[in-house]
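Examining the three-dimensional arrangement
So the chains spell out like this:
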Amino acid sequence: MNFDFSFFLAIATLLTGAIWGGYLAYLKFASIDPPPENEPIIVEYARSFFPIVLIVLLLRSFLVEPFRIPSGSMMPTLLIGDFILVNKFTYGIRLPVINKKVVEMSQPQRGDIVVFRYPKQPSVDYIKRIIGLPGDRVAYDKKNLYINGHPVKRVSLGIYEGVGQGESMTGTEHFLENLNGIEHSILISPGAPSIDGVYVVPEGHFFVMGDNRDNSNDSRYWGTVPEQNLVGKAFFIWMNWDWQYKGVGFDRIGTIIQ
């Protein structure tokens, strides 16, 4: 069980519902008719907040959940200050708080950008791109990516010019990578050391990496992501606010995430 925002939403829903429902039950069984014009203040608050917290709980648990990008590990696809929406039912419907899957949907695919609970600290959410599926053999050698012995194709797009809080990435190499038919941009820093290794993805797990390959804390360092840690698939940027530099990035609003 994770004591995250959904947990407190569920507690608030149960508490306000119990107070309001209990008061209505009391009026019925005590045969108080007509009911008092003025409800106790705690009942009035419970009646007002119950539908709100219930709707928010249902939306966050089963439909979409908002997240903010705090780091540059997914540059240039996602920038610091992007506010994104995550589809919660793409990979199946899970009960809130206990995180038990009750309805199977589609399976994660290579190239999907996913939000997940960091295996080393499940209370923290991470966002990366799925590189390896269960059973895959993933190799990273001298900054080249291989899946099941085949090199992943990429085409140079020149030198990257960073903006806002990502300005420090100016001068890195910008590539268009083709991952199982999913084309996306990645960054590679020529002067950074290559974290080389060969990894076999266990059943029920996924190998993930950041698009900013030399500035990402990902599966190369701490291992694979269990399926039950997946929160959902990122699909939309609804706002960008780089408070430290340019403010609102209107050109980012409405961007479909690929």
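Reading the values: the criteria
Residues numbered from 1 in each chain as written. Predicted model: local features only at pLDDT ≥ 70, side-chain atom pairs only at ≥ 80, totals over all residues. Heavy atoms only, no water. Helix = DSSP H or I, 4+ residues; strand = E, 2+ residues; numbered from the N terminus. Rg over C-alpha atoms; globule rule 2.2 N^0.38 Å. Contact = heavy atoms within 4.5 Å. Areas by Shrake-Rupley, 256 points an atom, 1.4 Å probe, with all protein chains shown as cover. Lys, Arg positive; Asp, Glu negative; His and termini not counted. Charge placed at Lys NZ, Arg CZ, Asp CG, Glu CD. Buried < 20%, exposed > 50% of the residue type's maximum accessible area, 1.4 Å probe, protein only. Phe/Tyr/Trp six-rings, centres within 6.5 Å; stacked < 30°, edge-to-face > 60°. Salt bridge = Lys/Arg side-chain N within 4 Å of Asp/Glu carboxyl O. Pairing = 2+ DSSP bridges. Patch = residues over 30% accessible without salt bridge, like charges linked within 9 Å, V, L, I, M, F, W, Y side chains within 5 Å. Polar contact = N/O pair within 3.5 Å; in protein donor to acceptor, adjacent residues only side chain to side chain.

Looking at the overall build of the protein
If you tally the helices and strands in the protein, you get three helices and 18 strands. In terms of overall dimensions, the protein is more spread out than a globule: its C-alpha atoms have a radius of gyration of 23 Å, far above the 18 Å expected for 258 residues. Along the first, second and third principal axes, the C-alpha atoms of the protein reach 80 × 45 × 30 Å. Here the contacts in the protein between residues at least 6 apart in sequence split such that 59% fall between residues at least 24 apart. For the protein, the accessible surface area stands at approximately 13,600 Å², while carbon and sulfur atoms represent 62% of it. Side-chain charges of the protein comprise 23 positive and 25 negative groups, with the mean position of each set lying 5 Å from the other.

As for unusual backbone geometry
Residue Pro-76 is reached from Met-75 by a cis peptide bond, and omega for that bond is 5°. Mapped onto the secondary structure, Pro-76 falls in the loop between strand 1 (64-68) and strand 2 (82-87). Here the phi dihedral of Lys-142 falls at roughly 50°; this positive angle occurs in a residue that is not glycine. In this structure, Lys-142 sits in the loop between strand 7 (137-141) and strand 8 (144-147). A positive phi is found at Lys-143, a non-glycine position, where the angle reads about 70°. Its place among the elements puts Lys-143 in the loop between strand 7 and strand 8. Looking at Lys-143, the relative accessible area reads 10%, which means it is buried.

Section: the packing of aromatic side chains
Summed over all chains, the structure comprises ten aromatic pairs. Note on Tyr-126 and Trp-222: the rings are 6.3 Å apart at their centroids and 70° apart in plane angle, and the pair reads as edge-to-face. On the criterion of sequence distance, the pair formed by Tyr-126 in strand 6 (residues 125-132) and Trp-222 in helix 3 (residues 219-222) is long-range, its members being 96 residues apart. Each of the two residues, Tyr-126 as well as Trp-222, counts as buried. Taken together, the ring pairs in this structure connect Phe-116, Tyr-118, Tyr-126 and Trp-222 into an aromatic cluster.

Overview of the pattern of salt bridges
If you walk through the whole model with that rule in mind, you get ten salt bridges. Between Asp-82 and Arg-252 there is a salt bridge, and its shortest N-O distance comes to 2.5 Å. Of this pair, Asp-82 sits in strand 2 while Arg-252 sits in the loop between strand 17 (247-248) and strand 18 (255-256), placing them 170 residues apart in sequence. Here the two residues Asp-82 and Arg-252 agree in accessibility, since each one is buried. The partner of Asp-136 in a salt bridge is Arg-110, with the nearest N and O atoms 2.8 Å apart. Of this pair, Asp-136 sits in the loop between strand 6 and strand 7 while Arg-110 is found in the loop between strand 4 (101-103) and strand 5 (113-117), placing the two residues 26 residues apart along the sequence. Side by side, Asp-136 and Arg-110 carry an identical accessibility label, which is buried.

Focus on the sheet that holds strand 8
Spatial strand order, 9-8-7-13: four strands in an open sheet with antiparallel pairing. Since the sheet does not close on itself, it has two edges, and those belong to strand 9 (150-151) and strand 13 (197-200), each with one partner. Here strand 7 runs beside strand 8; their pairing, made up of four bridges, is antiparallel. Along strand 8, the bridge assignment pairs Val-138 with Ile-147.

Considering a nonpolar patch on the surface
Together, Ile-55, Leu-59, Leu-63, Phe-89, Leu-95, Ile-98, Val-102, Val-103 and Met-105 line one region of the surface with nonpolar side chains, adding up to about 720 Å² of accessible area. When contributions to the nonpolar patch are tallied by element, the ones reaching two or more residues are helix 2 (41-63) and strand 4. By the secondary structure assignment, Ile-98 is in the loop between strand 3 (93-94) and strand 4.

Thoughts on the side chain of Asp-136
Take Asp-136: its relative accessible area is 6%, and that puts it in the buried class. At 2.8 Å, the side chain of Asp-136 forms a polar contact with the side chain of Arg-110. Not counting chain neighbours up to four residues away, the residues in contact with Asp-136 comprise Arg-110, Ile-131, Ile-147, Asn-148, Tyr-199, Val-200 and Val-201.

Let's talk about the environment of Asp-82
Given a relative accessible area of 0%, Asp-82 falls into the buried group. Along the backbone, Asp-82 and Glu-37 are 45 residues apart, and their C-alpha atoms lie at a distance of 48 Å. Residues within four places of Asp-82 in sequence aside, it is in contact with Phe-67, Arg-68, Ile-69, Thr-77, Ile-237, Met-239, Asn-240 and Arg-252. Polar side-chain contacts of Asp-82 include one of 2.6 Å to the side chain of Asn-240. Engagement of the side chain of Asp-82 in a polar contact is seen with the side chain of Arg-252, the distance being 2.5 Å.

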